[in-house]
Amino acid sequence: MAKAKEAVVETTEAVEEKIAKAPKGVAKLEEEGDIAADYLEALLDIADLDGDIDIDVENDRAALAIVGGKLNHLVGRDGEVLDAIQELTRLAVQTSTGDRSRLMLDIDGFRAGRKKELKKLAEDMAEEAKTTGNSIKLKPMNAFERKIIHDTIQDLGLSSESDGEDPNRFVVIYPA
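In what follows, the accompanying structure is described. The shown structure was predicted, so the numbers you read here are calculated from the model rather than taken from an experiment.

The rules we used
Chains are numbered independently. Their residues run from 1 in the order of the written sequence. Local features in this predicted model are restricted to residues whose pLDDT is 70 or higher, and side-chain atom pairs enter the listing and the counts only when it is 80 or higher, whereas totals over whole chains, interfaces and linings include all residues. Excluding hydrogens and water, the side-chain values take into account all heavy atoms of the structure. What counts as a helix is a DSSP run of H or I of at least four residues, what counts as a strand is a run of E of at least two, and both are numbered from the N terminus. The contact definition used throughout considers only heavy atoms, calling two residues in contact when any of these lie within 4.5 Å. Strand pairing is defined by DSSP finding a minimum of two bridges between the two strands. The angle between two axes is taken between their N-to-C directions and runs from 0 to 180 degrees, where each axis is a line fitted to C-alpha atoms and a helix contributes only its stretch in contact. Throughout this description, the term nonpolar core refers to a set of buried Ala, Val, Leu, Ile, Met, Phe, Trp, Tyr and Cys residues connected via side-chain atoms within 4.5 Å. The rule is simple: take the accessible area with a 1.4 Å probe, protein chains only, and divide by the maximum for that residue type; under 20% is buried, over 50% is exposed, in between is partly exposed. To count toward a patch, a residue needs a relative accessible area above 30% and no salt bridge. Like charges then connect within 9 Å, nonpolar side chains (Val, Leu, Ile, Met, Phe, Trp, Tyr) within 5 Å. Each accessible area is a Shrake-Rupley estimate made with a 1.4 Å probe; only the visible protein chains count as cover when residues are assessed. Salt bridge, as applied in this entry: a Lys or Arg side-chain nitrogen positioned within 4 Å of an Asp or Glu carboxyl oxygen. Note on charges: Lys and Arg go in the positive column, Asp and Glu in the negative column, and His and the chain ends are not counted at all. Throughout, a charge is located at the NZ atom of Lys, the CZ atom of Arg, the CG atom of Asp or the CD atom of Glu. Here the aromatic set is Phe, Tyr and Trp, taking the six-membered ring for Trp, and pairing holds for ring centres within 6.5 Å; pairs whose planes are under 30 degrees apart are stacked, those over 60 apart are edge-to-face, and all others are tilted. Placement of a positive charge over a ring is assigned whenever Lys NZ or Arg CZ falls within 6 Å of the ring centre and within 35 degrees of the normal to the ring plane.

Along the chain, glutamate 145 falls in helix H5 (residues 143-155). Setting aside residues up to four positions removed in sequence, glutamate 145 forms contacts with Arg114 and Leu118.

And the structure:
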């Protein structure tokens, strides 16, 4: 009887873990977006900055963009300030919902522009890997940047993996 009870507890824990890892529904992601937008609106008000907030759902995550106004200083060098604001926004959403958020934040089109640059880099490095037959190590990148590289490489039919420890984690692209 005790073993049966343990099996039920283990099964229940496994199901709860799967539920926790399951993709969130669109309504839940829209709620995250609304909470994040409220937080960002308050932040802009405190800093006396102008900007419009666009909310969307992309790739199973809430996506927010602050556009308009003079917002370059909110991006910072290499997006460092943007990353910090995104993390604070995720924490605000988590505090409100009790669930971890994977929302993405863009300010002044920085991430959109960076995404184009990284796709081009991945395409160029994939071609080099195919031509030379050698693996290619890229410079360290944050998780957002590595994901774009991995997705592009996969679309091109090659493989890649991340190596190292943050903040020096980098992507290695393999030929065929």
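It is worth spelling out the sheet that holds strand S6 (residues 170-174) at this point. Strand order in the open sheet formed by three strands is S4-S6-S5, and the pairing between neighbours is antiparallel. A strand with exactly one partner marks an edge of an open sheet, and here the two such strands are strand S4 (136-137) and strand S5 (159-163). Summarising the sheet, S5 and S6 pair through five bridges and their orientation is antiparallel. Among the inter-strand pairings, glutamate 161 is bridged to a residue of S6, identified as valine 172. Sheet contacts for helix H4 (residues 110-132): S4 and S6; angle to S6, the most-contacted strand, approximately 45°.

Next up on the list: the nonpolar core. In a soluble, globular protein the nonpolar side chains are often hidden away together inside. Core analysis: the biggest nonpolar cluster contains 19 residues, and Leu64, Ile66, Leu105 and Ile107 have the highest contact counts within it. Of all the elements, helix H2 (residues 26-46) adds the most residues to this core, at five residues. Counting residues in hydrophobic clusters, the runner-up holds 16 residues, among them Ala129, Ile149, Ile153 and Val171.

A grouping of Glu30, Asp34, Asp38, Glu41, Asp45, Asp48, Asp50, Asp52, Asp54, Asp56 and Glu58 is seen on the molecular surface, where their side chains present a negatively charged patch. Sorting the residues of the negative patch by element identifies H2 and strand S1 (52-58) as the ones contributing at least two each. At five residues, the largest contribution of residues to the negative patch is made by H2. Mapped onto the fold, aspartate 56 is located in strand S1.

The next point concerns unusual backbone geometry. Each neighbour pair has its own omega, and for aspartate 166 with proline 167 the value is 5°, a cis peptide bond. Tracing the chain through its elements places proline 167 in the loop between S5 and S6.

In this structure, alanine 143 sits in helix H5. Exposure remark for alanine 143: the relative accessible area of 52% places this residue in the exposed category.

Here the structure, examined in full by the defined rule, presents zero aromatic pairs. Of note, arginine 111 hangs over the ring of phenylalanine 144, and the distance from its end group to the ring centre comes to 4.8 Å.

What follows is about the environment of alanine 62. Structurally, alanine 62 is set in strand S2 (residues 61-67). With 41 residues separating them along the chain, alanine 62 and leucine 103 place their C-alpha atoms 4.6 Å apart. Ignoring any residue separated from it by four or fewer positions in sequence, one finds alanine 62 in contact with Leu29, Glu32, Gly33, Asp56, Leu103 and Met104.

Bringing the sheet that holds S2 into the picture now. Pairing in this open sheet of three strands is mixed, and the strands run S1-S2-S3 from one edge to the other. Where the open sheet ends on each side, the last strands, each with one partner, are S1 and strand S3 (104-107). Taken pair by pair, the neighbouring strands of this sheet meet at an average axis angle of 20°, ignoring direction. Here four bridges tie S2 to S3, and the two strands are oriented parallel to one another. Residue pairing in the sheet places alanine 63 in a bridge with methionine 104 of S3. Where helix H3 (residues 80-97) meets the sheet, it contacts S2 and S3, and its direction lies at approximately 140° from that of S3.

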